[in-house]
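Understanding the architecture of this molecule
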Amino acid sequence: MPDTNAHNGSSHNGHHAGGTLAPLALVPKATAAQSTKDFKSDQEVRWCPGCGDYAILAAVQSFLPELGLARENICFISGIGCSSRFPYYLNTYGMHSIHGRAPAIATGLATSRRDLSVWVITGDGDGLSIGGNHLIHALRRNVNLRILLFNNRIYGLTKGQYSPTSEVGKITKSTPMGSLDAPFNPLSLALGAEATFVARTIDSDRKHLQSVLRAAAQHQGTALVEIYQNCNIFNDGAFDTLKDPDTREQALIHLEHGQPVRFGPDAAQGVFRATDGSLHVGDVTAANAADVLVHDAHTPDPATAFALTRLADPDTLHHTPVGVLRSVQRPVYDTLMGEQLDTAVAQRGPGDLATLLTGSDTWTVD
C-alpha cells in the first residue's frame, strides 16, 4: 500500500537543520526513551466493543513516543462526543471541554504556551455542527495545532441521530423518513477555510493512519486530519466499501506527493484533468498514461486539492482520496503573536497586570 508524503518535501514540512521538527522546537524533549505503555493512562477504556475509536487510540499511543517529547508538554483538548473521551486514556495533559469549543480552547492554549504540543480531538457532530465556526477559524488562523476529526457520519453518543456528514436519505432516529440535508465534505470545508494541511485516513489501517499523523506532526501550522471511524452500534459498515478486500482497491485513491494518481487493480485507473480544469476518473492506457494527474501536495493553489475532495461519491464512497491532500507553508499565528509580544516588551517594558487593572481609566459609582 502506498504511503503518504510523510517524508517527502521536508522543507515544506517544517524541518530545522539537524532533524528537529520546527513546530516542536520549543517543546521540551523527554529525558529518556518512551514506549507505547508510557502513553497509556490508568483509566478503563470505555467505548462500545468494536468501536473504531479503539484502533485510533492504539495508533496514537504507539505513535506519540516517536515525537520524543516530554509527556507533560503534550496536551489533548476534546469537545463532546464518543471520541472526546480520548484525553482520559492518554497519559498526557488533557481537557475534556464543552461542545464544539475544543478548537477555540486549543487555540488559546497553543498561542499562550508555545512550549506545548497541542492536539484537538473532535467528531463530525461536535466539530462540524455547533463547533463549525470555531473549526474554520482555527484553520484560517493557522495556529500550531493538530486537529483529528473522527468522522463516523452519525451522532453516536446521543444514540444515532443524523450528523452534518450523514448522506442524503439517511434513516435515523431523528430522520425516520430520511435526511434531507446535503452533507458537509470536511476536507472541502477545510480547504475553503485556507487550511495549510489537509489529510484523510481510516481507523482500521494503522500503517496509513500513523504515516498521516507523522506528516501532521511535522507540519508548521494547523493540520486537519479526517479519520473515517466506524460506529458499529448506530452506523455499522458505513465505510465497508473502503475496507472490504473485494472493493477497497477500486474505491480508494492513495495519494502520494510527486506520484501519478493511479489506483485499482494493476493501477489500471487514474485521475485526469479535463479541459475545464475539473478532475475525473478514467482508464489508463498507453496513449493517455502521460496525462495522469501527478499529485502535488505543496502547490500554493488549493484548487486541485479541492477538486480531489470532490471525486468521492457521497453515497457509495467510490473514488475516495486518502493521504495528504495539501501541505503548504504560510505564516503561523502563534509565532507572529510571539513576535508582537516581544516587540511590545522591548518598546514598553514587561508590563504589570496590577497596574493595568488599576490604571487611570477607571471611575467610581456611588
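We now turn to the structure provided with this report. As the structure is a computational prediction, the values presented were derived from the model and not from experiment.

We now examine the packing of aromatic side chains. Taken as a whole, this structure holds 8 aromatic pairs when the rule is applied. Relative to Tyr-89, the ring of Trp-47 lies with its centre 5.1 Å away and its plane at 85°, an arrangement referred to as edge-to-face. Residue Trp-47 is found in the segment before helix H1 (52-63), and its partner Tyr-89 is found in the loop between strand S1 (74-78) and strand S2 (93-96); the two are separated by 42 residues along the sequence. Neither residue differs from the other here; Trp-47 and Tyr-89 are each classed as buried. Taking the centre distance of 5.5 Å and the plane angle of 85° together, the rings of Phe-86 and Phe-150 count as edge-to-face. Separated by 64 residues along the polypeptide, Phe-86 in the loop between S1 and S2 and Phe-150 in strand S4 (residues 146-151) bring together distant segments of the chain. Taking the relative accessible area as the measure of exposure, Phe-150 reaches 1% and is therefore buried.

Positive phi, normally seen in glycine, also occurs at Leu-317, with a value near 65°. Considering the arrangement of structural elements, one finds Leu-317 in the loop between helix H9 (303-309) and strand S11 (320-327). Its relative accessible area of 4% is what places Leu-317 among the buried residues. Positive phi is not limited to glycine here, since His-319 has a value of about 65°. Note that His-319 resides in the loop between H9 and S11.

Attention now moves to the side chain of Arg-153. Mapped onto the fold, Arg-153 is located in the loop between S4 and helix H5 (186-192). Look at Arg-153 and you get buried, because its relative accessible area is 7%. Looking at Arg-153, its side chain comes within polar contact range of the main-chain oxygen of Pro-314, at 2.6 Å. Residues contacting Arg-153, with those up to four places away along its chain left out, are Asp-124, Ser-163, Thr-165, Ser-166, Glu-167, Asn-235, Phe-239, Pro-314 and Leu-317.

With that settled, consider the packing of H1 against helix H6 (residues 206-218). At a minimum axis separation of 10 Å, H1 and H6 run at an interaxial angle of 50°. The angle between H1 and H6 places the two elements in the oblique class. As for the relative orientation of H1 and H6, their crossing is right-handed in sense. Here H1 contributes Ile-56, Ala-58, Ala-59, Val-60, Ser-62 and Phe-63 to the contact with H6, which in turn contributes Arg-206, Leu-209, Gln-210, Leu-213, Arg-214 and Ala-217. Tallied by class, residues from the contact of H1 with H6 come to 8 nonpolar, 2 polar and 2 charged.

Another point: a negative patch on the surface. A cluster of like negative charges, contributed by Asp-236, Asp-240, Asp-244 and Asp-246, occupies part of the molecular surface. Summarising the element assignment, Asp-240 is placed in helix H7 (residues 240-243).

Taken in spatial order, the 3 strands line up as S8-S9-S10 in an open sheet, and their pairing is antiparallel. Both edges of this open sheet fall to strand S8 (262-263) and strand S10 (279-283), since each of them pairs with a single strand only. Note that strand S9 (residues 269-273) and S10 share 5 bridges and pair antiparallel. If you follow Gly-270 over to S10, its bridge partner there is Gly-282.

Our next topic: the pattern of salt bridges. Under the counting rule described, the total for this entry stands at 6 salt bridges. Of the charged contacts, one joins Arg-113 and Asp-115 as a salt bridge, the two residues approaching to 2.8 Å between their closest N and O atoms. Of the charged contacts, one joins Asp-203 and Lys-243 as a salt bridge, the two residues approaching to 2.7 Å between their closest N and O atoms. Placement of the pair is Asp-203 in the loop between strand S5 (197-202) and H6 and Lys-243 in helix H7, with a sequence separation of 40 residues. According to the relative accessible area criterion, Asp-203 is buried, its value standing at 3%. Take Lys-243: its relative accessible area is 22%, and that puts it in the partly exposed class.

To continue, consider the state of the cysteines. What the rule picks out here adds up to 0 disulfides. Unpaired in terms of disulfides, Cys-48 finds its nearest cysteine sulfur in Cys-82, a separation of 6.4 Å. Look at Cys-48 and you get partly exposed, because its relative accessible area is 39%. Lacking any disulfide linkage, Cys-82 is separated from the closest cysteine sulfur, that of Cys-51, by 6.3 Å.

Calculation notes
Residues numbered from 1 in each chain as written. Predicted model: local features only at pLDDT ≥ 70, side-chain atom pairs only at ≥ 80, totals over all residues. Heavy atoms only, no water. Phe/Tyr/Trp six-rings, centres within 6.5 Å; stacked < 30°, edge-to-face > 60°. Helix = DSSP H or I, 4+ residues; strand = E, 2+ residues; numbered from the N terminus. Buried < 20%, exposed > 50% of the residue type's maximum accessible area, 1.4 Å probe, protein only. Polar contact = N/O pair within 3.5 Å; in protein donor to acceptor, adjacent residues only side chain to side chain. Contact = heavy atoms within 4.5 Å. Axes fitted to C-alpha atoms, helices over the stretch in contact; angles between N-to-C directions. Parallel < 35°, antiparallel > 145°, perpendicular 65-115°, else oblique. Left-handed = near helix turned anticlockwise from the far one by under 90°. Nonpolar A, V, L, I, M, F, W, Y, C, P; charged D, E, K, R; others polar. Patch = residues over 30% accessible without salt bridge, like charges linked within 9 Å, V, L, I, M, F, W, Y side chains within 5 Å. Areas by Shrake-Rupley, 256 points an atom, 1.4 Å probe, with all protein chains shown as cover. Salt bridge = Lys/Arg side-chain N within 4 Å of Asp/Glu carboxyl O. Lys, Arg positive; Asp, Glu negative; His and termini not counted. Charge placed at Lys NZ, Arg CZ, Asp CG, Glu CD. Pairing = 2+ DSSP bridges. Disulfide = S-S within 2.5 Å.

By themselves these figures say nothing about function.
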